[in-house]
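Chain and residue survey
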Amino acid sequence: MHPSRTLLPALAASTLLLTGCGSGGGSGDSTAGSDSGSGTKTTPAPAKPAAPAYRVLGKPALTKALISISDLPPGYSQDPPSPGTNKTFCNYKPPFNEKIKISRDFTKGSGLSGEVLSVGIRQYANAKEAKAAYTALADALETCTGETDKGTKYTYAAMSAAKVGDASLGVKISTDEATGLQNFALVGPALINTGGGGLMNASADDITNVLKAQVRAYKSAAAK
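This write-up is about the structure you can find in this document. Each residue is numbered by its place in its chain's sequence as written, counting from 1. For this predicted model, a pLDDT threshold of at least 70 governs which residues receive local features, and a threshold of 80 or more governs which side-chain atom pairs are given and counted, while totals over whole chains, interfaces and linings are taken from all residues. Excluding hydrogens and water, the side-chain values take into account all heavy atoms of the structure.

Before going further, it helps to examine the nonpolar core. We call a set of buried residues a nonpolar core when its members are Ala, Val, Leu, Ile, Met, Phe, Trp, Tyr or Cys and they connect through side-chain atoms within 4.5 Å of each other. Between buried and exposed lies partly exposed: a residue is buried under 20% and exposed over 50% of the maximum accessible area for its type, with that area taken using a 1.4 Å probe on protein chains only. Counting residues in each nonpolar core, the largest one holds 24 residues, and the members touching the most others are Ile121 and Tyr218. Elements are defined by DSSP. Helices are runs of H or I of four residues or more, strands are runs of E of two residues or more, and each kind is numbered from the N terminus. When contributions to this core are tallied by element, the ones reaching two or more residues are strand S2 (100-108), strand S3 (115-123), strand S7 (179-187), strand S8 (190-198) and helix H3 (204-222). In terms of residue count, the dominant contributor to this core is H3 (five residues). By definition in these notes, contact holds between two residues if any of their heavy atoms fall within 4.5 Å. Once residues within four sequence positions are removed from consideration, Tyr218 is found in contact with Arg55, Leu57, Leu62, Ala65, Ile121, Gln123, Val187, Pro189, Ala190 and Ile192. Grouped together as the second largest cluster of nonpolar side chains are 14 residues, Phe89, Ala140, Cys144 and Phe184 included.

Okay, structure coming up:
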């Protein structure tokens, strides 16, 4: 994402992938329903349903799954394609590189009241690599609370995110001039991000709703 050409340039780093470390499920009591008396059979705990499986998509199909103007709140227009950035939070090193990266940027209004919004998908070779990349970013943000990049000081703060995909989390990115909000979700072999911001406005509701819409669109396209 790059939330405005001059507004928050390093929010281009928001294509960085955060992993909302999913909570590990506690083990159930495997002897539930058993009787201490001899001769009674132990009833096994019900098996957990298997996690949904998602196909690794080719670039045309992945691009088609990326949401567009018709899926956004009123007032946004699509920006021309941008080169993006591989800048990571505090320059941490991801364990794997994505195989395909696609994104779209949008703008609403202009001047002091202008807002920007971005959606992106990074697809890895498989779900295991995506989860590792997601976890690495989450771990990095445990200690990375800010940095200075190209003369601008950025402050990072953990932010709640909608419970979507396999795991999700958010981060608030602030400078002296503007604020950006970024959400991330892990879905199978993909890391999905949505973010936005502005000099005066940063709508958490818009960014959350767009994240939900993008996760639904990807799931529909990649479901086996």
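Next comes the rest of the account.
As a further point, take unusual backbone geometry. The backbone of Asn91 shows a phi angle near 60°, a positive value even though the residue is not glycine. On the secondary structure map, Asn91 appears in the loop between strand S1 (76-78) and S2. Positive phi outside glycine occurs at Lys150, with the angle close to 50°. The topology assignment puts Lys150 in the loop between strand S4 (146-149) and strand S5 (152-159).

Our next topic: H3. Expected helix span is computed as 1.5 Å times (number of residues minus one). Helix length check: H3 (19 residues) gives 27 Å between terminal C-alpha atoms against 27 Å at 1.5 Å per residue, within 8%. If you check which residues of H3 are buried, you get Asp206, Ile207, Val210, Leu211, Ala213, Gln214, Val215, Tyr218 and Ala222. Where H3 is buried, its residues meet helix H1 (59-65), S1, S3, S7 and S8.

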